[in-house]
Amino acid sequence: MVHAILEDVGVNPERFALDWASAAEAPRFVDLITAFTRKIEGLGPMGQVEGKEREELLVKLAAARQAAGIMKVRAGLGNLAKDFRKEGDYGLDVVKRKIDEKLGPMVKSEVGGQEILLRLERQGPLSTADLAGRVGWSPEEIGEYLGKLGKKGQVSEKDGRWTLA
């Protein structure tokens, strides 16, 4: 899931690794850390290999971090974990497919929504077109999301530009 989120926000997924080494495997631990450090050094500063500005990536990563804490996302992950335990199939292909099917669209929506809010907070007021270009959603998707936020009193629109309420 982390790799998918990183890819969606434009960060090279190779910047994240999760490996296992027990306390009795000190040489393996050293090898894992050394190899990962070399890989990151080879990629260079964040944004360089991705071909994007570092600040843009930081906004997207902040949105992903906020989305990960949303109860809806956490509950979805918990339900998925129950399904895995029930079925007993933890194969990489099965895990990837189920995460993509059951969590992917929801997480993508929540990350995009959080990015809209962050951009309005940090860079607003912004037009629907500005937000669409930065978030990567269509103007229609942005408009629909802003409409929902407007009904909740979280955003307001004036002269074609949106701000936090």
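Quick summary incoming for the structure in this document. Note that the structure is predicted; figures quoted are calculated from it, not measured.

## Things to note about the packing of helix α5 (residues 92-102) against helix α6 (residues 104-123)
Two measures define how a pair of helices packs: the angle their axes make with one another and the distance between the axes.
Right, on to step 1. Relative orientation of the contacting elements α5 and α6 amounts to 55°, with a least axis distance of 4 Å. Between α5 and α6, the angle is such that the two are oblique. Judged by residue contacts, Ile 99, Asp 100, Glu 101 and Lys 102 of α5 engage Gly 104, Pro 105 and Met 106 from α6.
Right, on to step 2. Residue composition of the contact of α5 with α6, grouped by class: three nonpolar, one polar and three charged.

## So, the pairing of strand β3 (residues 161-164)
Right, on to step 1. As paired elements, strand β1 (residues 126-127) and β3 share two bridges and run antiparallel to each other. If you follow Leu 126 over to β3, its bridge partner there is Trp 162.
Right, on to step 2. Two elements, strand β2 (residues 155-158) and β3, share four bridges in a ladder whose sense is antiparallel. In the strand pairing of β3, Val 155 is matched with Leu 164.
Right, on to step 3. Between the antiparallel neighbours β2 and β3 lie two residues, among them Asp 159 with a positive phi of about 55°.

## Let's talk about the packing of α6 against helix α7 (residues 128-135)
Right, on to step 1. For the pair α6 and α7, the least separation of the axes is 10 Å and the interaxial angle reads 125°. On the basis of their axis angle, the class for α6 and α7 is oblique. Where α6 crosses over α7, the two elements pack in a sense that is right-handed. Of the residues in α7, those touching α6 at Gly 112, Glu 115, Ile 116, Arg 119, Leu 120 and Gln 123 are Leu 131, Arg 134 and Val 135.

## Quick look at a nonpolar patch on the surface
Right, on to step 1. A cluster of nonpolar side chains, Val 2, Phe 16 and Leu 18, forms an exposed patch at the surface whose accessible area comes to about 290 Å².
Right, on to step 2. Judged by relative accessible area, which is 32%, Phe 16 ranks as partly exposed.

## Thoughts on the side chain of Glu 110
Right, on to step 1. Looking at where Glu 110 falls in the secondary structure, it is placed in helix α6.
Right, on to step 2. Judged by its relative accessible area of 14%, Glu 110 falls in the buried class.
Right, on to step 3. In contact with Glu 110, not counting residues within four places along its chain, are Ala 67, Ile 70, Lys 72 and Val 73.

Parameters at a glance
Residues numbered from 1 in each chain as written. Predicted model: local features only at pLDDT ≥ 70, side-chain atom pairs only at ≥ 80, totals over all residues. Heavy atoms only, no water. Axes fitted to C-alpha atoms, helices over the stretch in contact; angles between N-to-C directions. Helix = DSSP H or I, 4+ residues; strand = E, 2+ residues; numbered from the N terminus. Parallel < 35°, antiparallel > 145°, perpendicular 65-115°, else oblique. Contact = heavy atoms within 4.5 Å. Nonpolar A, V, L, I, M, F, W, Y, C, P; charged D, E, K, R; others polar. Pairing = 2+ DSSP bridges. Left-handed = near helix turned anticlockwise from the far one by under 90°. Patch = residues over 30% accessible without salt bridge, like charges linked within 9 Å, V, L, I, M, F, W, Y side chains within 5 Å. Areas by Shrake-Rupley, 256 points an atom, 1.4 Å probe, with all protein chains shown as cover. Salt bridge = Lys/Arg side-chain N within 4 Å of Asp/Glu carboxyl O. Buried < 20%, exposed > 50% of the residue type's maximum accessible area, 1.4 Å probe, protein only.

Without other data, these values stay purely geometric and don't point to any function.
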